[in-house]
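A structural walkthrough
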Amino acid sequence: MKTPMITAAAALLTIIACAAPSNAADPLVMTDIEWKATPGKNQPHFRVSHKSSSSDLSLHSARAALAPARTALQGGAGPVAFTVVHEAGTLSCTGTLMRAFEGTGRCRFNSDPAFEAALAARGLAPERRSDMLAMLLVDATIALADGLTDAGVKPDDTDDLIAAAALEVTPAYVRELQSEALVLADVEDAIACKALGVDGAYVRGLAAAGYRKLSAHDVVGMKVLGVTGEYAVAMNRVTQGIK
């Protein structure tokens, strides 16, 4: 990521990103993966870990791919097995439950060569095998890559695609941001805006206040400082002597 604010945003993500670079001898299978489920106060927590990195998944999300895991983990004490199928590959897990949504186990990830080839055709060839696992965990898809490209913010690499998916930077969100007030130079601008809570309503408020062609860095900075469209209009009135 090219700016400090992008680096800060990326630090908030607990996506998998730790493995040796891919090469011809690199197998399509990863086996050093662990999972842990805990009940949680408001909803169960489900964590997948690989080496020193981990990713937390919401079992209450609308993702159909997580339904088998959700169903298996809500069972009683004893052995458990479930599979998560995604474009990036298949995550097959086994383990033991102490009670519903409380247990541990291990997983095996088989990445999909066709998905990797589709990424490569778009200039997004993964540098690490674990990038493929990360894309399964955050639901990064070819449709998302193509949609962002069509919206004018093509991901430069798999890190961009993973970050966009993790923060739910969708083509619709990008189009919502695009206005006379904000210039999105690339997908990293959209990722930074989403990480800091900038939405279409906020950008439209700045446009209504007279702002034009602001950079994402400017808009994010204004958001962090609590500058709203209403505040900007009021300040403009003061500086222009209008009551």
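Residues numbered from 1 in each chain as written. Predicted model: local features only at pLDDT ≥ 70, side-chain atom pairs only at ≥ 80, totals over all residues. Heavy atoms only, no water.

1. Looking at the pattern of salt bridges
Let me state the cut-off plainly: A carboxyl oxygen of Asp or Glu within 4 Å of a side-chain nitrogen of Lys or Arg is what we treat as a salt bridge. Exposure categories follow from relative accessible area, calculated using a 1.4 Å probe and restricted to protein chains: below 20% of the type maximum is buried, above 50% is exposed, and the middle band is partly exposed.
What the rule picks out here adds up to nine salt bridges. With its nearest N and O atoms 2.4 Å apart, the salt bridge here joins Glu102 to Arg99. A relative accessible area of 25% means that Glu102 is categorised as partly exposed. The salt bridge involving Arg212 is made with Glu180; its shortest N-O contact spans 3.4 Å.

2. Details of the state of the cysteines
What counts is decided by this rule: Any cysteine sulfur atom paired with another within 2.5 Å is treated as part of a disulfide. Secondary structure follows DSSP: runs of H or I at least 4 residues long count as helices, runs of E at least 2 residues long count as strands, and numbering of each begins at the N terminus.
Counted under the stated rule, the structure contains one disulfide. Each disulfide pairs two cysteine sulfurs, and for Cys93 the partner residue is Cys107, the sulfurs being separated by 2.1 Å. Residues Cys93 and Cys107 share a disulfide whose torsion about the S-S bond is about 105°; that sign makes it right-handed. One end of the pair, Cys93, is in strand β5 (residues 89–99); the other, Cys107, is in strand β6 (residues 102–111), with 14 residues separating them in the sequence. Assigned by exposure class, Cys93 and Cys107 land together as buried.

3. A few points about the packing of aromatic side chains
Rules: Two aromatic rings, drawn from Phe, Tyr or Trp (for Trp, its six-membered ring), form a pair once their centres lie within 6.5 Å of each other, and the interplanar angle then sorts them: stacked below 30 degrees, edge-to-face above 60, tilted otherwise.
Following the criterion strictly, the structure yields three aromatic pairs and no others. Taken together, a centroid distance of 6.0 Å and an interplanar angle of 45° make the contact between Trp35 and Phe46 tilted. Taken as a pair, Trp35 in strand β1 (residues 29–38) and Phe46 in strand β2 (residues 45–50) lie far apart in primary sequence, eleven residues in all. The same class applies to Trp35 and to Phe46, which are both buried. Measuring from centroid to centroid gives 5.5 Å for Trp35 and Phe82, while their planes differ by 65°, and the two rings are edge-to-face.

4. Let's talk about the pairing of β1
Note the following rule: Here, strands pair whenever DSSP counts at least two bridges between them.
Pairing of β1 with β6, which is carried by seven bridges, proceeds in the antiparallel orientation. Opposite Val29, over in β6, you have Asn110 as the bridge partner. Where β1 meets β2, six bridges bridge the pair, whose relative direction is antiparallel. Bridge pairing in β2 links Ile33 to His50.

5. Some remarks on helix α3 (residues 113–121)
Put simply, the test is: By arc we mean the arc of the directions from the helix axis to the C-beta atoms, nothing more. We call two residues contacting when some pair of their heavy atoms lies within 4.5 Å.
Among all positions of α3, only Phe115, Glu116, Ala118 and Leu119 are buried. What you see down the axis of α3 is that its buried residues fit within an arc of 160°, all on one side. Those residues of α3 that are exposed and aimed more than 90 degrees away from the buried face are Ala114 and Ala121. Buried-residue contacts for α3 involve α4 (129–138), α5 (142–150) and α6 (158–166).

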